[in-house]
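# Structural overview
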Amino acid sequence: MPRYLIALAIALIVIMAGSYATLQKKRSEREARLITLFRQGKSLQCQEYRVNQEQFNFVSGTLSFIGKANTPYHGITLSIETCQESSES
């Protein structure tokens, strides 16, 4: 196998690994920002739900919000991946 093909394959692997690491870092930073906002008492928009500390608990092991008992959201689980900063806090 020609050396240039080996070098090209290695270069592609390095580029793909770097891209993956960058995407993961951005995802982690976004999740950390959302968790911080939630813990500061701000609301998040997750799917069609407005998520706040009064009605949801944050579960760090699964990075999700679970509706509290005795609220209309009891039993609802929302992944942080579906959330974004709410325009209304």
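Quick notes on the rules
- Residues numbered from 1 in each chain as written.
- Predicted model: local features only at pLDDT ≥ 70, side-chain atom pairs only at ≥ 80, totals over all residues.
- Heavy atoms only, no water.
- Disulfide = S-S within 2.5 Å.
- Helix = DSSP H or I, 4+ residues; strand = E, 2+ residues; numbered from the N terminus.
- pLDDT = per-residue confidence, 0-100.
- Pairing = 2+ DSSP bridges.
- Axes fitted to C-alpha atoms, helices over the stretch in contact; angles between N-to-C directions.
- Contact = heavy atoms within 4.5 Å.

In this section: the state of the cysteines. Tallied over the full model, the rule gives 1 disulfide. Covalently, C46 is tied to C83 through a disulfide, its sulfur atoms 1.9 Å apart. Sign of the S-S torsion, about 105 degrees for the bond between C46 and C83, identifies this disulfide as right-handed. Of the two residues, C46 sits in strand β1 (residues 44-46) while C83 sits in strand β6 (residues 83-85), which places them 37 residues apart along the sequence.

Before going further, it helps to examine the confidence of the model for the protein chain. Per-residue confidence for the protein chain averages 94 on the pLDDT scale, and 98% of its residues sit at or above 70. Taken element by element, the protein chain is modelled with least confidence in helix α1 (residues 3-39), mean pLDDT 94, and with most confidence in strand β4 (residues 64-67), mean pLDDT 98.

Time to look at the sheet that holds strand β2 (residues 49-51). Strand order in the open sheet made by the 3 strands is β2-β1-β6, with antiparallel pairing throughout. Only two strands of the sheet have a single neighbouring strand rather than two, namely β2 and β6. Taken over all neighbouring pairs, the strand axes of this sheet differ in orientation by 35 degrees on average, direction set aside. Strand direction decides the pairing type here: β1 and β6, joined by 3 bridges, are antiparallel. Following the sheet pairing, C46 is matched in β6 by C83. Relative to the sheet, α1 contacts β1, β2 and β6, its axis offset from that of β6 by approximately 70 degrees.

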